[in-house]
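What follows is the residue order along each chain.
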Amino acid sequence: MRSKGLLNITRKEIKELLTPSTIVPVLVIALFFASMGNIMGGFQEEVEEKPVIGIVNEDSGEHSKTVMSVLEEKSEMVYNGTDRELGSKYVEEKGGTALLIIPENFSNKIDDGETGYIMVRWFMKGMGVMDTVSSGVVEGLIEEINREVSATLIERETHLPSSHLQRPILKEESTIIQERELEDISPSILGGLMSSQSIMIPIITMMLIMMAGGTIISSMGMEKEDKTLETLLTLPIKRSSIVVGKLVGAAVVGLIMALIYMLGFGFYMQTLEVSDMHLADYGLALSLSDYILVGISLFTALLAGLALSLLLGTFAKNYKSAQTLLFPVTALALIPMFVFMFTDIGNLPTVLQGVMYAIPFSHPIIAMRGLMFDNYTIVFGGILYSTIFSIVMIALVTKIFDSDKLVTGSMSKKGGLIDKLSR
Amino acid sequence: MRENMIEVKELIKKYGDVTAVDKISFQVKKGEIFGLIGPNGAGKTTTLRVLSTLLKISEGEVLIDGCDLDKESAEIRKKISYLPEDAGAYKNLTGREYLRFIAEFFDGKVLASKMVKKGVDIADLDKKIDDKIDTYSKGMKRRLLVGRTFMINPKLAILDEPTSGLDVINAREIRQLIKEYAGAGTTILLSSHNMLEVDFLCERISLIDDGKIVESGSPKGLKNKYDAENIEEVFTKVVR
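Every residue gets a number counted from 1 within its own chain, in the order that chain's sequence is written. Working convention: letters from A go to chains and numbers from 1 go to ligands, in the order in which they are written. Reporting in this predicted model follows two pLDDT cut-offs: at least 70 for local features of residues, and 80 or more for side-chain atom pairs to be given and counted; totals over whole chains, interfaces and linings ignore these cut-offs and use all residues. Note that the side-chain values use all heavy atoms of the structure and ignore hydrogens as well as water.

Chemist: Tell me about the domain arrangement of chain B, and please be specific about residues and values.
Modeler: Residue and element names in this part refer to chain B. With domains assigned, chain B is organised as domain 1 (4–79 + 154–239) and domain 2 (88–153). The C-alpha centroid of domain 2 is placed 25 Å from the C-alpha centroid of domain 1. For this analysis, residues touch if any pair of their heavy atoms sits within 4.5 Å. Across the contact, 20 residues belong to domain 1 and 12 residues belong to domain 2. The quantity reported as buried area is the accessible area (1.4 Å probe) lost by two parts once they are put together, taken as the sum for both. Around 1200 Å² of area is buried between domain 1 and domain 2 when both sides are counted, 68% of it from carbon and sulfur atoms. For the domain 1 face of the interface with domain 2, the top three residues by lost area are Pro154, Leu177 and Tyr181, together amounting to 42%. By definition here, a salt bridge exists when the distance from a side-chain nitrogen of Lys or Arg to a carboxyl oxygen of Asp or Glu is within 4 Å. Along the contact surface separating domain 1 from domain 2 lie 1 salt bridge. Among the salt bridges present, the one from glutamate 173 reaches arginine 143, with a minimum N-O distance of 2.0 Å. Residues adjacent in sequence count toward polar contacts only when both atoms are side-chain atoms; beyond that, a polar contact is any pair of N or O atoms within 3.5 Å, and within protein one must be able to donate a hydrogen and the other to accept it. Put simply, domain 1 and domain 2 have 4 residue pairs in polar contact (both at pLDDT 80 or more) between them. An automatic or database domain assignment supplies the start and end points of every domain.

Spelled out as structure tokens, the structure:
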């Protein structure tokens, strides 16, 4: 008898707890981690793959031959000639990492005890972590060349200074990104500098959307759970005013919450800043007007997020179902943050680019990076898109507020899926 | 002859393929207490929600104080006050703050203050009026909501099961309040499945079953007509 009762209550608990609203978020998170695994797999493959480079060898000495033998073995050479400009063109066209130039008298200088310089022209495709991986591999090759040449010099038992024997080669470098050439900086350092500035925007965007979106969806859930909505809808106030009032209220609360989080995060970021290098030294710092544009982009993204959350909130049946309905908004806020942490929009496959452009929360991140390279079209386009998205969402919400659906719940087949998710 | 506050002509309300209210017609005179009586799911709440501007009319016509419900719902919202069944209030506000929140939708600050004072008097919650609504019992919450309903001096109060779930004493006090405000000129349309309550409160009633009005008249007249001791018996005889 006891086991029958236990079975009965266990069966009831499982039925109560295992609803679409509990399963779907877990499934989506599992899928998200699986796709993240694929991205990380690609990351691993890129480290293991031979880097694509070009070489301009202007020296005929022994050490340049060592350089060539290492590079021939451990890289995919798309150009091997003497024309620097043609080499640059080839490497860029083939999506290569760098053009290495071995200047005249490279070997003689090393034999004479002078530092031999390899000139490296880096081609950086974006500001994400993935975009600096291959340059790290090439830097590793240059280190290997250093060791080979060092070993040759030591074998000869020359009387050169030990510091020269240990490190006979250095690199002179410049980085080309978005058609701009920046002197004396490598992609890894540039990537680090940029991420310290551009990481703030994805995190602020995510925080704002999640906080404000959560507030507004919960507010709708509570209105339904506490049965206050019916009273509100019979008061002498325009339905559009209720919608706008809810949006503004949630925006203010979301901003306050995000500000508190950001203060803490700002202190954390300060502790990580150790470099004396600044983006302004390379002409990449943002001006006041650029920051205003980022602010506008952020505001329109927030508005879009709030309007979308309010739309989903109209389907909430109570506070619990409101929390489930927040999930799509959270996912849409997290996806751009993670994707752009790895790479830039331009480096994504076309379909994924379309998806990223369609998510309004991508645009503040795209704007921040675009403004560093004076790409205003992408910034204004993003602001326009988010504004249109918000207007459409607000119009839809107002229409729902003006219909029976808010009081009776969804009756249409279209609302069926959302209905199931909110259960 | 009193003018009509409500005129409902052949009202139909459908939810998809389901007809919740099927061609009902009735009139409520100004200052009258009119009751819609019927079992759960008969269409009472749907009718009240339509009249409160919450739901759209599928077919038919409704006039409230001369305003067409379909075209002048904004104007109607200035004249009515709706008390839904199991209605709640914002938990994080105090009773007084909630009354002020509602009052400010209706008029300027001076008038709103007068409304709040009236609401506080009706609710009669003593010091608890300044406590968070979250701490109120069901009876106290209902008193606050009745205060909210009548403080704005509505031309029409629409009350859905006004005493539902309340104990005998709270229910009795709320019935007294309804009688009092109807006497002061407010028209009252209420729904209830408590037949004794409508017998006590209403001047006229309509019995509603399966979305249709099956009988109408004064409680006394209906009892005589069906040779019944109470409205419950009338209802049983009508629907059988």
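Chemist: Please set out the pattern of salt bridges residue by residue, giving values where relevant.
Modeler: Under the criterion given, the structure shown has 37 salt bridges over all chains. Linking A:Arg84 and A:Glu58 is a salt bridge whose minimum nitrogen-to-oxygen distance equals 3.0 Å. Residue A:Arg84 is found in helix H4 (residues 84–93), and its partner A:Glu58 is found in the loop between strand S1 (52–57) and helix H3 (62–74); the two are separated by 26 residues along the sequence. Among the residues examined, A:Arg84 registers a relative accessible area of 28% and is labelled partly exposed. Between B:Lys225 and B:Glu215 there is a salt bridge, with its nearest N and O atoms 2.9 Å apart. Note that B:Lys225 is positioned in helix H8 (residues 219–225) and B:Glu215 in strand S10 (residues 212–217), a separation of 10 residues in sequence. One salt-bridge network, held together by shared partners, links B:Glu3, B:Lys30, B:Asp65, B:Lys79 and B:Lys155. Here a strand is any run of E in DSSP of at least two residues, a helix any run of H or I of at least four, and the numbering for each starts at the N terminus. A 1.4 Å probe rolled over the protein chains alone gives each residue an accessible area, and that area as a share of the maximum for its type sets the label: buried under 20%, exposed over 50%, partly exposed in between.

Chemist: With reference to specific residues and values, describe the environment of B:Thr94.
Modeler: Residue and element names in this part refer to chain B. Tracing the chain through its elements places threonine 94 in the loop between strand S6 (80–83) and helix H3 (95–103). Relative accessible area serves as the criterion here: at 13%, threonine 94 is assigned to the buried category. For the pair threonine 94 and aspartate 134, spaced 40 residues apart in sequence, the C-alpha to C-alpha distance is 8.3 Å.

Chemist: Any details on the sheet that holds strand S4 (residues 59–64) of chain B? Residues and values, ideally.
Modeler: Residues and elements named next belong to chain B. Strand order in the open sheet made by the 4 strands is S2-S1-S4-S5, with antiparallel pairing throughout. For this open sheet the edge positions go to strand S2 (18–29) and strand S5 (67–68), each flanked by a neighbour on one side alone. Strands in contact with helix H1 (residues 44–51) are strand S1 (4–15), S2 and S4; relative to S1, the strand with the most contacts, it is inclined by about 120°. Two strands pair if DSSP finds at least two bridges between them. Note on definitions: angles span 0 to 180 degrees between N-to-C directions of axes, and those axes are lines fitted to C-alpha atoms, for helices only across the stretch in contact.

Chemist: Please give an account of the domain arrangement of chain A that cites residues and values.
Modeler: All names here are of chain A. Domain boundaries in chain A define domain 1 (51–192) and domain 2 (199–421). A C-alpha centroid distance of 45 Å is found between domain 1 and domain 2. Between domain 1 and domain 2, the contact holds 16 residues from the first and 15 residues from the second. Approximately 1300 Å² of surface area, both sides summed, lies buried where domain 1 meets domain 2, with 61% of it carried by carbon and sulfur atoms. The largest per-residue losses of area from domain 1 upon contact with domain 2 belong to Met127, Gln178 and Arg180, which jointly make up 41% of the total buried on that side. Across the domain 1-domain 2 interface, the total number found is 1 salt bridge. Linking domain 1 with domain 2 are 2 residue pairs in polar contact (both at pLDDT 80 or more). When residues of the side of domain 1 that touches domain 2 are traced back to their parent elements, those giving at least two are strand S6 (180–183) and helix H8 (187–198). For the side of domain 1 that touches domain 2, the element with the most residues is S6, which contributes 3 residues.

Chemist: Explain helix H13 (residues 319–342) of chain A residue by residue, including any values.
Modeler: Here H13(A) spans 35 Å end to end across 24 residues, near enough to the 34 Å set by a 1.5 Å rise per residue. At the N-terminal end of H13(A), a side-chain oxygen is found 2.8 Å from the backbone nitrogen of A:Ser321, two or three residues along, and the residue is A:Asn318. For a helix, the expected span equals 1.5 Å multiplied by the number of residues minus one.

Chemist: Could you give an account of the packing of aromatic side chains, naming the residues involved and the relevant values?
Modeler: The geometry of an aromatic ring pair is captured by the separation of the ring centres together with the interplanar angle, meaning the angle of the planes. Here a pair means two rings of Phe, Tyr or Trp (six-membered ring of Trp) with centres within 6.5 Å. Their orientation is stacked below 30 degrees between planes, edge-to-face above 60, and tilted elsewhere. For the structure shown, the criterion picks out 8 aromatic pairs over all chains. Ring geometry for A:Tyr79 against A:Tyr90: centres 5.5 Å apart, planes inclined by 45°, an arrangement best described as tilted. One end of the pair, A:Tyr79, is in strand S2 (residues 76–81); the other, A:Tyr90, is in helix H4, with 11 residues separating them in the sequence. Residue A:Tyr90 is classed as partly exposed on the basis of its relative accessible area, which comes to 36%. Ring centres of A:Tyr385 and A:Phe389 lie 6.1 Å apart, and the angle between their planes is 45°; on these two criteria the pair is classed as tilted. Taken together, the residues A:Tyr385 and A:Phe389, both in helix H16 (residues 376–401) and 4 residues apart, mark about one turn of the helix. Through successive ring pairs, a cluster of aromatic residues spans B:Tyr90, B:Tyr98, B:Phe101 and B:Phe105.

Chemist: Please set out the sheet that holds strand S9 (residues 204–209) of chain B residue by residue, giving values where relevant.
Modeler: The strands that make up a sheet pair up through hydrogen bonds in the backbone, lying either parallel or antiparallel. All names here are of chain B. In spatial order, the strands read S6-S7-S8-S3-S9-S10; together these 6 strands make up an open sheet with mixed pairing. Looking along the sheet, the strands with just one partner apiece sit at the ends: S6 and S10. Looking at each pair of strands side by side, their axes are set apart by 15° on average, direction ignored. The pairing of S9 with S10 spans 5 bridges and is classified as antiparallel. Note on S10: the bridge partner recorded for serine 206 is serine 216. The strands touched by helix H6 (residues 168–183) are strand S3 (33–37), strand S7 (156–160) and strand S8 (187–192); relative to S3, the strand with the most contacts, the crossing angle is about 135°.

Chemist: Pulling in residues and values, what's your account of a nonpolar patch on the surface?
Modeler: A cluster of nonpolar side chains, namely A:Ile14, A:Leu18, A:Ile23, A:Val24, A:Leu27 and A:Val28, defines an oily patch on the protein surface of about 490 Å² accessible area. For the nonpolar patch, the element with the most residues is helix H2 (residues 20–48) of chain A, which contributes 4 residues. Think of a patch as exposed residues, more than 30% relative accessible area, with no salt bridge, where like charges cluster within 9 Å and nonpolar side chains (Val, Leu, Ile, Met, Phe, Trp, Tyr) cluster within 5 Å. Surface exposure here means Shrake-Rupley accessible area, sampled with a 1.4 Å probe, where a residue is shielded only by the protein chains that are shown.

Chemist: I'd like a description of the interface of chain A and chain B, backed by residues and values.
Modeler: Taken together, the contacts link 19 residues of chain A with 24 residues of chain B. Counting each side, the surface lost to burial between chain A and chain B is near 2000 Å², with a carbon and sulfur contribution of 58%. Across the chain A-chain B interface, the total number found is 3 salt bridges. A salt bridge links A:Asp404 to B:Lys13, with the shortest nitrogen-to-oxygen separation between them at 2.2 Å. Inspection of the chain A/chain B interface yields 10 residue pairs in polar contact (both at pLDDT 80 or more). Sorting the residues of the side of chain A that touches chain B by element identifies helix H10 (229–233) and helix H17 (405–408) of chain A as the ones contributing at least two each. Ranked by the residues each element gives to the side of chain A that touches chain B, the list is headed by H10(A), at 4 residues. Following the grouping adopted for this structure description, the nonpolar residues are Ala, Val, Leu, Ile, Met, Phe, Trp, Tyr, Cys and Pro, the charged ones are Asp, Glu, Lys and Arg, and the polar ones are all others, Gly among them. Residues of the side of chain A that touches chain B, tallied by class, amount to 7 nonpolar, 5 polar and 7 charged.

Chemist: So what's going on with unusual backbone geometry? Which residues, and what values?
Modeler: Even without being glycine, A:Asp184 reaches a positive phi, approximately 55°. Looking at where A:Asp184 falls in the secondary structure, it is placed in the loop between S6 and H8. The phi dihedral of B:Asp210 is positive, around 55°, even though this residue is not glycine. Relative to the helices and strands, B:Asp210 resides in the loop between S9 and S10. With a relative accessible area of 62%, B:Asp210 lands in the exposed category.

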